[in-house]
Amino acid sequence: MSAPPSLPRPELSPPAHPLERLPEEWAAVLEAWGEPKYRGLQVFRWLHQRGVFDAEQMTDLPKSLRRKLAEESLVPPLSIAQAHESEDGTRKLLVSLPDERTVETVLIPMKSTQPGDGYTPEEDPDDEPTSAWVTQCISSQVGCAMACTFCASGIAGFKRHLSAAEIVGQVLAGRAQLEASGERVRNVVFMGMGEPLHNYAAVARALTLLCHPDGLGLSKRRVTVSTSGLVPEIDRLGTEFGGQVQLAISLHATSDERRSEVMPINKKYPLAELLAALKRYPLPKRRRITIEYTLIEGVNASIADAKALAKLLRGIPVKVNLIPMNAVDDNPLRAPSWESVDAFQETLRGQGVPNFVRRRKGDDIAAACGQLALRGEKKKVRVPLPTVRS
Ligand code: SAH
């Protein structure tokens with residue numbers, strides 16, 4: 001379904017890195033240089049469609065303009081310091097940023113996922129997993145300020161926001177990494193390090209760039225923004241992107257008391273406010289909001305919890321992703337037994353709530369949910385970002 005034509009244009013932060021310029025912003029820059037406007041689209045395409053940052057390779061541009069662009073220092077916003085491949089085909093890339101900080105991004109083959117498990121944002125007949133399709137999990141911040149008790153990203157605390165260029169750069173790097181194997185980034189999920197809605201302006205610009213038809217051209221419904229529940233920004237995302245972007249909410253508990261224990265953000269935006277925001281999210285017909293629910297032994301995984309969850313979500317179009325908690329170093333919290341996971345799932349099913357258990361991906365390389373910490377911070381191996389040509 002296409003977006004209604006009268007959508008308000010998202011209010012975007014000014015572009016800081018050349019990769020952040022939209023075609024019309026490039027056009028304005030080039031016009032000021034005395035170039036025709038249409039060249040803006042050409043430059044945008046070189047960067048976003050082909051991942052080419054070297055102006056000399058932009059062969060359809062006049063030599064003088066190439067020289068000028070080279071002076072603009074069109075450097076990639078990041079480089080890949082390390083790549084690890086898991087036995088299940090999941091690849092984790094350690095991304096090195098210009099200030100030497102690092103984040104991680106994870107490439108998950110869709111053939112190893114199930115519809116609705118959070119890595120396939122939309123249940124769609126087209127989503128018949130093929131070996132060539134990959135879901136990329138990206139980071140939006142270095143560290144995270146949300147301090148959820150079960151998540152490794154929160155442990156180190158918040159370091160800084162990523163820029164829109166650093167967010168889009170992860171997808172360009174992911175695409176380059178897949179080029180040799182003929183795989184393609186089909187879905188993008190903001191489920192790596194950080195709280196995307198805490199970095200709204202950069203994330204909104206990144207969404208606009210990622211979904212631009214002359215750029216990477218991702219479909220908005222194939223891009224999932226996962227949030228711990230920042231209510232004003234959920235509203236903003238809904239309004240500015242017309243409900244087209246897939247929304248995932250990390251719920252993890254059914255009472256304010258329990259949720260505030262595991263997710264401090266609940267003290268600011270308690271359950272009633274969060275659920276009200278979900279009800280008013282302008283969801284297109286036949287689409288569902290994803291509810292992420294990490295199952296933690298002794299915390300939220302009883303049959304009574306499953307019943308409470310079904311009751312809480314009544315009347316809201318949702319699909320629930322159950323995520324048995326992945327172990328985090330030195331953290332005593334852990335997943336319940338598989339019997340308890342099954343029983344939880346059965347109870348939800350009995351109450352008519354669509355749900356899926358997210359199987360672990362990349363556990364052996366610490367790339368599973370909540371395991372993306374700042375371990376790579378000290379490593380300094382650097383290889384340049386490969387460019388993609390087409
Ligand atoms: N800040 C965003 C993205 C977080 S990562 C958010 O809160 O939604 C994506 C999902 O993994 C979230 O639902 C998060 O709560 C969950 N998660 C975090 N740590 C986990 C762990 N150790 N085991 C399983 N899931 C975890």
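Below or above, wherever it landed, is the structure these notes cover. (Residues numbered from 1 in each chain as written. Predicted model: local features only at pLDDT ≥ 70, side-chain atom pairs only at ≥ 80, totals over all residues. Heavy atoms only, no water.)

1. Some remarks on helix α10 (residues 271-280)
Definition in use: Buried, partly exposed and exposed residues are distinguished by accessible area as a fraction of the type maximum, computed with a 1.4 Å probe on protein chains only: under 20%, between the cut-offs, and over 50%, respectively. In DSSP terms, a helix is any run of H or I states spanning at least four residues, a strand is any run of E spanning at least two, and both are numbered starting from the N terminus. Directions pointing from the helix axis toward each C-beta atom define the arc. Should any heavy atoms of two residues lie within 4.5 Å, those residues are considered in contact.
Within α10, the full set of buried residues consists of L271, L274, L275, A277 and L278. Around the axis of α10, the buried residues are gathered within 155 degrees of arc, so they sit on the same side. Exposed and facing more than 90 degrees away from the buried side of α10 are A272 and K279. Packing partners of the buried residues in α10 comprise α7 (231-240), β9 (246-250), α8 (256-262), α9 (265-268), β10 (289-295) and α11 (303-313).

2. Side note on the packing of α7 against α10
Worth spelling out the cut-off: Helix axes are fitted to C-alpha atoms over the stretch in contact, other axes to C-alpha atoms as well, and angles between N-to-C directions run from 0 to 180 degrees. In this scheme, roughly parallel covers angles under 35 degrees and roughly antiparallel covers those over 145, while 65 to 115 is roughly perpendicular and the rest are oblique. Three classes are used: nonpolar for Ala, Val, Leu, Ile, Met, Phe, Trp, Tyr, Cys and Pro, charged for Asp, Glu, Lys and Arg, and polar for all others, with Gly counted as polar.
Put simply, α7 and α10 touch, their axes get as near as 10 Å, and they point 5 degrees apart. Judged by the angle between their axes, α7 and α10 are roughly parallel. Here V231, I234 and D235 of α7 lie close against α10, whose contacting residues are E273, L274, A277 and R280. Looking at side-chain class alone, the contact of α7 with α10 contains four nonpolar, no polar and three charged residues.

3. Describing helix α2 (residues 39-48)
Here α2 lies mainly inside the structure; eight of its ten residues are buried. Those residues of α2 that fall on the buried side of the exposure criterion are R39, G40, Q42, V43, F44, W46, L47 and H48. Summarising the contacts, the buried residues of α2 are in contact with α1 (23-32), α3 (63-71), α5 (164-179) and α6 (200-210).

4. Considerations on the site of the ligand
Basically, it comes down to this: To be near a molecule or strand, a residue needs just one of its heavy atoms within 4 Å of it. For this analysis, a polar contact is any N or O atom pair within 3.5 Å, provided that within protein one partner can donate a hydrogen and the other can accept it, and provided that sequence-adjacent residues contribute only side-chain to side-chain pairs. In short, Shrake-Rupley with a 1.4 Å probe defines the accessible areas, and a residue's cover is counted only from the protein chains shown.
Around the ligand, 20 residues are found, and the nearest of them are F150, S226, S250, H252 and N326. Take F150: an N or O atom from its main chain is 2.9 Å from a nitrogen atom of the ligand. Residue E195 places a side-chain N or O atom 3.2 Å away from a nitrogen atom belonging to the ligand. When the ligand is considered free in solution it has 530 Å² of accessible area, and contact with the protein chains removes 97% of it. Those elements giving two or more residues to the shell around the ligand turn out to be β8 (223-227) and β10. Within the shell around the ligand, the residues separate by chemical class into eight nonpolar, ten polar and two charged.

5. Thoughts on the packing of aromatic side chains
Rules: Note on aromatic contacts: the rings of Phe and Tyr and the six-membered ring of Trp form a pair at centre separations within 6.5 Å, being stacked when their planes are under 30 degrees apart, edge-to-face when over 60 apart, and tilted otherwise. Only when the NZ of Lys or the CZ of Arg is both within 6 Å of the ring centre and within 35 degrees of the ring normal is a charge said to sit over the ring.
Evaluated as defined, the whole model comprises one aromatic pair. One residue, R186, lies across the ring of W133, its end atom 3.6 Å from the ring centre.

6. Describing the nonpolar core
Defined as follows: Each nonpolar core is a collection of buried residues, namely Ala, Val, Leu, Ile, Met, Phe, Trp, Tyr and Cys, held together in the definition by side-chain atoms within 4.5 Å. Domain ranges listed in this record stem from an automatic or a database domain assignment.
L69, L207, L237, I291 and V320 are the most contacted members of the largest nonpolar core, which has 100 residues in total. Taken domain by domain, this core gets at least three of its residues from each of domain 1 (18-71) and domain 2 (79-365). In this structure L207 touches F190, V223, V225, L237, F241 and V245, once residues within four positions along its chain are discounted. Among the nonpolar cores identified, the runner-up in size contains six residues, and V106, C137, V189 and M191 belong to it.

7. Some points on the environment of V262
Structurally, V262 is set in helix α8. Residue classification places V262 among the buried residues on the basis of a relative accessible area of 5%. A C-alpha to C-alpha distance of 5.6 Å links V262 and C148, two positions 114 residues apart in sequence.

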